Amino acid sequence: MEKTLVLLKPSALQRALVGEVIKRFEQKGLKLTGIKMMQLNDEILNEHYAHLSERPFFQRIKDAMMTTPIIATCWEGLDAVQVVRTMTGATNGRNATPGTIRGDFSVSVQENIVHTSDSIENAKEELKRFFKKEEIFNYNHLTLPFLYANDEI
Ligand code: UDP
Ligand code: MG
């Protein structure tokens, strides 16, 4: 099954939304297969935000991501990348649909609670960037037959 990366940004830690965000993915039926607290630095952020390196706010978002530790999580499920992305909502919290994480908890473009991988290819790259192989775990949810029909998995 697909795996995707969710980073709980400093805004999630400062706003005490760590449990709330994790709860949403758990309740959806995604499987938590990796979790760790990390202090990010310039090196990893240059890679992570490489697609934004020419934008005027590049240094600002890197600084914002270093103000506190972050929590990196890996979630597994059928179409997990798209499921998590839908639950994340639009980048700008002011435009994000209510019911999404950003729609419910953010009024900002920068301070938007979570980073979530935007494609299967990027999820693979990003998981490698934030987790060692042995930090992603393999186990079964006993509720699997009640999460999916047997022809879905
Ligand atoms: N960001 C920003 N200003 C912008 C665009 C993006 O501060 O105009 C920040 C924001 O925190 C966003 C992150 O840079 O989450 C990464 O941008 P991306 O376009 O990848 O958005 P996302 O995939 O997080 O929705
Ligand atoms: Mg992105």
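Described below are features of the structure shown in this document. Everything numeric here is computed off the predicted structure, so don't read it as measured data. (Residues numbered from 1 in each chain as written. Chains lettered and ligands numbered in written order. Predicted model: local features only at pLDDT ≥ 70, side-chain atom pairs only at ≥ 80, totals over all residues. Heavy atoms only, no water.)

**Observations concerning the overall build of the protein**
Filter applied, for reference: In this description a helix means any DSSP run of H or I spanning at least four residues, a strand means any run of E spanning at least two, and both kinds are numbered starting from the N terminus. Here the globule rule is a power law, 2.2 Å times the number of residues to the power 0.38, and the radius of gyration is based on C-alpha atoms. Each residue is placed in one exposure class: buried if its accessible area under a 1.4 Å probe, protein chains only, is under 20% of its type's maximum, exposed if it is over 50%, and partly exposed if it falls in between. Residue contacts follow a heavy-atom distance rule, with two residues in contact if any of their heavy atoms lie within 4.5 Å. Using a 1.4 Å probe, the Shrake-Rupley method yields the accessible areas, and only the shown protein chains count as cover for residues. Positive charges come from Lys and Arg, negative ones from Asp and Glu, while His and the chain ends are left out of the count. Think of each charge as sitting on NZ of Lys, CZ of Arg, CG of Asp or CD of Glu.
The helix and strand tally for the protein stands at 8 helices and 4 strands. Beginning at the N terminus, the succession of helices and strands in the protein can be written as β-α-α-β-α-α-β-α-α-β-α-α. A globule of 153 residues ought to have a C-alpha radius of gyration of about 15 Å, and the protein, at 15 Å, matches this closely. By the burial criterion, 45% of the 153 residues in the protein qualify as buried. Taking contacts inside the protein between residues at least 6 apart in sequence as the whole, the part at least 24 apart equals 76%. Of the roughly 8600 Å² of accessible surface on the protein, a fraction of 52% belongs to carbon and sulfur atoms. Put simply, the protein has 19 plus and 20 minus side-chain charges, and the middle of one group is 3 Å from the middle of the other.

**Observations concerning the site of ligand 1**
This is how it is decided: For this description, a residue counts as near a given molecule or strand if any of its non-hydrogen atoms is within 4 Å of it. Distance and chemistry together define a polar contact, namely a pair of N or O atoms within 3.5 Å, with one atom able to donate a hydrogen and the other to accept it when in protein, and with adjacent residues in sequence counting only for side-chain atoms on both sides.
In the neighbourhood of ligand 1, 13 residues make up the surrounding shell, with Lys9, Arg85, Thr91, Arg102 and Asn112 lying closest. One of the side-chain nitrogen or oxygen atoms of His51 is found 3.1 Å away from an oxygen atom of ligand 1. Within the contact set of ligand 1, an oxygen atom lies 3.4 Å away from a side-chain nitrogen or oxygen of Arg60. When isolated, ligand 1 has an accessible area of 500 Å², and the protein chains bury 83% of it.

**Description of the nonpolar core**
Rule in force here: Here the nonpolar core consists of buried residues drawn from Ala, Val, Leu, Ile, Met, Phe, Trp, Tyr and Cys, with membership extended through side-chain atoms lying within 4.5 Å.
Among the nonpolar cores identified, the biggest contains 18 residues, and Val21, Phe25, Leu30, Ile101 and Ile113 are the most heavily contacted of them. Counting residues per element, the ones that place at least two in this core are strand E1 (2-8), helix H2 (18-28), strand E3 (70-77), helix H5 (80-88) and helix H6 (101-105). The leading source of residues in this core is H5, at 4 residues. Here Ile101 is in contact with Val21, Arg24, Phe25, Met87, Thr88, Ser106, Ile113 and Val114, once residues within four sequence places are set aside.

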